[in-house]
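Here are the chains, one letter per residue:
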4 protein chains.
Amino acid sequence: MGIYTVKRQVSWGDCDPAGILYTPRVFDYCTQTIEGWYTEVVKVDWMTMIRNKQGSPTVHASCDYLKPMEPGLEVAVTLRIDKLGDTSMTFRLEGEDEGGAIYFRAKYVSCVIDFTRNQAMEIPADWRSKIQAYMSKCAAQGDCPHPI
Amino acid sequence: MGIYTVKRQVSWGDCDPAGILYTPRVFDYCTQTIEGWYTEVVKVDWMTMIRNKQGSPTVHASCDYLKPMEPGLEVAVTLRIDKLGDTSMTFRLEGEDEGGAIYFRAKYVSCVIDFTRNQAMEIPADWRSKIQAYMSKCAAQGDCPHPI
Amino acid sequence: MGIYTVKRQVSWGDCDPAGILYTPRVFDYCTQTIEGWYTEVVKVDWMTMIRNKQGSPTVHASCDYLKPMEPGLEVAVTLRIDKLGDTSMTFRLEGEDEGGAIYFRAKYVSCVIDFTRNQAMEIPADWRSKIQAYMSKCAAQGDCPHPI
Amino acid sequence: MGIYTVKRQVSWGDCDPAGILYTPRVFDYCTQTIEGWYTEVVKVDWMTMIRNKQGSPTVHASCDYLKPMEPGLEVAVTLRIDKLGDTSMTFRLEGEDEGGAIYFRAKYVSCVIDFTRNQAMEIPADWRSKIQAYMSKCAAQGDCPHPI
């Protein structure tokens, strides 16, 4: 139960006529990993959030494509927190294969929104404590946050 | 202003490593055509519907793939009504190129739902009159409904 | 090692503003299940096929949507062969939850193509024997093929 | 015939249960705009490129999400060149509505690859002259390149 990781296999339909992952699809992998992390680690899923008039929209997403990904490739997508602010946080997502080769490195900045006022809100205290515990656990594995 | 038609160009990213349209993508083309038809012809858009606790979910979708579609191909997706029931309707969607060659023929059955009771509801009278006018216009062009 | 099954969790991004699976996405689930079945059961993956100038395009796909699917739902997508022809086969795909409730039932007809001649070709003998063994295994589980 | 622009209407299926554009979909809009620009401005389409054992993979993609996008919104996606290198170029893509409000600003860095050697190659001279002409035309409209 260390760094949150989602295993994905690159599918035929994720790839384009060049036979490699179509550029936008890596963001599907990353967004789904963040979605799972919210559910598993922060213990709040996005449907519950939206019913509570809250949300966690992305304000920035970026990706460096380091190695081409082909159908059948299995990548473990890892999620780390590079920065925890008052109303936002910065995720780092990396896709690596069994041998440790990194295929992509992505960065997401998400904020937390109160939809009753359409404004950024402070990250709730119970989320924050779980996120901090997660960050400590990552750090204990010798994993230091760094910007990409 | 005859048969409702949406022009699409097959994009690189819609295609798979075989260089042809990835099977599921044709349903994106069809669903988006139905969405546009609701807005333009029935004069109700799906966001308004959902705010009114109504919806028009698909209960059946099918497609015959007649010719492979490659990136750059321009298809006109046409929409016809094959059946108008009390609470549901059957759409026929065809993708054809400038020369009249048909690439796919799809069928959708959609019902209208009242989300306050989670039950099928009768198609509202003002929708029905617009849909019937549309069907008459198609018929006037010599286009007779037929099941696929 | 009975009926080939792929577990999927419905993701937030697979769903539309009504909060349920967007109609076309079920075909992503099904196509990916067929892709995995080719690799695991027939022991040929689609990239190898295409390099050998062969392919297995879909000529028909259809789906009955039986129950709405929401984010977080876990469905087991099962694959059965309803018909094995000379140059084509018919798949049945069903999505069910842990309690056995069926959410969708889909049918795909795929043929096998020789791209050097752009014609249908007989299903290779080594594929056929593996497919027949798979069908026998399904039948031994009391699962009889039936058209949808 | 000034700045290359593709009009898009945000579709229902591009949006998630929060009723706004699903984060990854903006990259579909951007990649398709770059694809169209290659065909219309550089006069080379990606299928031809791949048949010539060339390609133009993305090495970096990023996006700032400035305003939420809802179904039905019409955005004009504009493409500008911020940098033209020997083997790579940097695109800026912006989505704006009729009133000039900017919804997203994206950056793509793409390189040109010779697949016979799997190495970066110099941008061919005939492409370069067309790209430079395009950059001049944009500049003549008072549009100066700037990094995002």
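Data block above holds the structure.
Residues numbered from 1 in each chain as written. Chains lettered and ligands numbered in written order. Predicted model: local features only at pLDDT ≥ 70, side-chain atom pairs only at ≥ 80, totals over all residues. Heavy atoms only, no water.

A. Fine view of unusual backbone geometry. All names here are of chain B. Notably, Lys43 is not glycine yet its phi reads approximately 65°, a positive angle. Structurally, the position occupied by Lys43 is in the loop between helix H1 (25-42) and helix H2 (46-51). Judged by its relative accessible area of 58%, Lys43 falls in the exposed class. Phi at Lys53 takes a positive value of approximately 60°, unusual for a residue other than glycine. Here Lys53 is to be found in the loop between H2 and strand E2 (54-55). (Helix = DSSP H or I, 4+ residues; strand = E, 2+ residues; numbered from the N terminus. Buried < 20%, exposed > 50% of the residue type's maximum accessible area, 1.4 Å probe, protein only.)

B. Region of the structure containing the sheet that holds strand E7 (residues 113-114) of chain B. Taken in spatial order, the three strands line up as E2-E7-E8 (chain B) in an open sheet, and their pairing is antiparallel. A single partner strand is all that each edge strand has here, and the edge strands are E2 and strand E8 (119-120) of chain B. (Pairing = 2+ DSSP bridges.)

C. Spatial organisation of the relation of the copies chain B and chain C. Rotating chain B by 180° and moving it 0.0 Å along the rotation axis overlays it on chain C with an RMSD of 0.0 Å. The transformation just described matches what one would write down for a two-fold rotation axis. Relative to the rotation axis, the closest C-alpha in chain B is found at Ser62 of chain B, a distance of 1.9 Å. Both copies contact each other with a shared surface, as 100% of the interface residues of chain B are interface residues in chain C too. (Least-squares fit on C-alpha atoms with pLDDT ≥ 70 in both. Contact = heavy atoms within 4.5 Å.)

D. Expanded view of the packing of aromatic side chains. Counted by the stated rule, this structure contains 34 aromatic pairs over all chains. Where Phe27 of chain B meets Phe27 of chain C, the ring centres are 3.8 Å apart and the plane angle is 0°; that geometry is what we call stacked. On the criterion of chain membership, the pair formed by Phe27 of chain B in helix H1 and Phe27 of chain C in helix H1 (residues 25-42) is interchain, its members lying in two chains. Exposure class is identical for Phe27 of chain B and Phe27 of chain C. Each is buried. Ring plane angle 80° and centroid distance 5.3 Å describe the contact between Trp37 of chain B and Tyr38 of chain B, whose orientation is recorded as edge-to-face. (Phe/Tyr/Trp six-rings, centres within 6.5 Å; stacked < 30°, edge-to-face > 60°.)

E. Region of interest: the packing of helix H1 (residues 25-42) of chain A against helix H3 (residues 125-140) of chain A. Residue and element names in this part refer to chain A. Where H1 contacts H3, the axes come no closer than 10 Å and their chain directions differ by 100°. Compared by their axis directions, H1 and H3 come out roughly perpendicular. Note on element contacts: H3 touches H1 through Trp127, Lys130, Ile131 and Tyr134, opposite Trp37, Tyr38, Val41 and Val42. For the contact of H1 with H3, a count of residues per class yields seven nonpolar, no polar and one charged. (Axes fitted to C-alpha atoms, helices over the stretch in contact; angles between N-to-C directions. Parallel < 35°, antiparallel > 145°, perpendicular 65-115°, else oblique. Nonpolar A, V, L, I, M, F, W, Y, C, P; charged D, E, K, R; others polar.)

F. The nonpolar core, seen in detail. Ranked by size, the top nonpolar core spans 89 residues in total, and within it Trp37, Tyr38 and Phe91 of chain A together with Trp37, Tyr38 and Phe91 of chain D carry the most contacts. Apart from residues lying up to four places away in sequence, Tyr38 of chain A is in contact with Lys43, Val44, Trp46, Met49, Ser56, Met89, Phe91 and Trp127 of chain A. Judged by nonpolar contacts, the second largest core, of 88 residues, contains Phe27 and Ile123 of chain B together with Tyr38 and Val41 of chain C. (Core = buried A, V, L, I, M, F, W, Y, C linked by side-chain atoms within 4.5 Å.)

G. View of the relation of the copies chain D and chain A. In the superposition of chain D on chain A (RMSD 0.0 Å, axial shift 0.0 Å), the rotation amounts to 180°. Comparing contact sets, 100% of the residues at the interface of chain D also lie at the interface in chain A, consistent with an isologous, same-surface contact.

H. Seen up close, the interface of chain B and chain C. Chain B puts 21 residues into the contact, and the matching count from chain C is 21 residues. Buried area between chain B and chain C, both sides added, is near 1,800 Å², and the carbon and sulfur share of it is 60%. When the area that chain B buries against chain C is broken down by residue, the three leading residues are Tyr22, Thr23 and Tyr65 of chain B, summing to 21%. Taken together, the links from chain B to chain C amount to two salt bridges. Among the salt bridges present, the one from Asp28 of chain B reaches Arg25 of chain C, with a minimum N-O distance of 3.0 Å. Only H1, H2 and strand E3 (58-65) of chain B provide two or more residues apiece to the side of chain B that touches chain C. Here the side of chain B that touches chain C takes eight residues from E3 of chain B, the largest share from any one element. Its residues placed into classes, the side of chain B that touches chain C shows 12 nonpolar, six polar and three charged. Relative to strand E3 (residues 58-65) of chain C, E3 of chain B runs antiparallel, the two being bridged by five bridges. Its bridge partner being in E3 of chain C, His60 of chain B is matched across the sheet by Asp64 of chain C. (Buried area = accessible area lost by both parts, 1.4 Å probe. Salt bridge = Lys/Arg side-chain N within 4 Å of Asp/Glu carboxyl O.)

I. Examining the sheet that holds strand E8 (residues 119-120) of chain C more closely. Spatially, three strands are ordered E2-E7-E8 (chain C) in an open sheet, and the strand pairing comes out antiparallel. The open sheet has two edge strands with one neighbour each: strand E2 (54-55) and E8 of chain C.

J. Region of interest: the side chain of Thr58 of chain D. Within the secondary structure layout, Thr58 of chain D lies in strand E3 (residues 58-65). A distance of 3.1 Å separates the side chain of Thr58 of chain D from the side chain of Thr23 of chain A, its partner in a polar contact. (Polar contact = N/O pair within 3.5 Å; in protein donor to acceptor, adjacent residues only side chain to side chain.)

K. Seen up close, the pattern of salt bridges. Applying the stated criterion to the full structure yields 32 salt bridges over all chains. Across the pair Arg51 of chain A and Glu70 of chain C runs a salt bridge, and its minimum N-O distance is 4.0 Å. In this pair, Arg51 of chain A sits in helix H2 (residues 46-51) while Glu70 of chain C sits in the loop between E3 and strand E4 (74-84), so the two residues belong to two different chains. We classify Arg51 of chain A as exposed; its relative accessible area is 54%. What makes Glu70 of chain C partly exposed here is its relative accessible area of 39%. One salt bridge connects Asp82 of chain C with Arg92 of chain C, and the closest N-O pair in it is separated by 3.0 Å. With Asp82 of chain C in strand E4 and Arg92 of chain C in strand E5 (residues 88-96), this residue pair connects regions lying 10 residues apart in the sequence. Considered together, Asp82 of chain C and Arg92 of chain C belong to a single accessibility category, that of buried residues. Several salt bridges converge on common partners, so that one network encompasses Arg80, Asp82, Arg92, Glu94 and Arg105 of chain A.

L. Structural view of the interface of chain D and chain A. Contacts between the two partners involve 21 residues from chain D, matched on the other side by 21 residues from chain A. When chain D packs against chain A, close to 1,800 Å² is buried across both sides, 59% of that on carbon and sulfur atoms. Counting every contact that joins chain D to chain A gives two salt bridges. Counting the contacts that link chain D with chain A gives 12 residue pairs in polar contact (both at pLDDT 80 or more). Of all the secondary-structure elements, those providing two or more residues to the side of chain D that touches chain A are helix H1 (25-42), helix H2 (46-51) and E3 of chain D. Tallying contributions element by element places E3 of chain D first for the side of chain D that touches chain A, with eight residues. For the side of chain D that touches chain A, the class distribution of residues is 12 nonpolar, six polar and three charged.

M. The arrangement of the side chain of Asp14 of chain A in detail. All names here are of chain A. Residue position: Asp14 is located in the loop between strand E1 (4-9) and H1. Buried and unpaired, Asp14 has Arg8 as its nearest opposite-charge partner, separated by 4.4 Å. For Asp14, the residues in contact, after removing those within four places along its chain, are Arg8, Ile20, Leu21, Tyr22, Arg25 and Tyr29. (Lys, Arg positive; Asp, Glu negative; His and termini not counted.)

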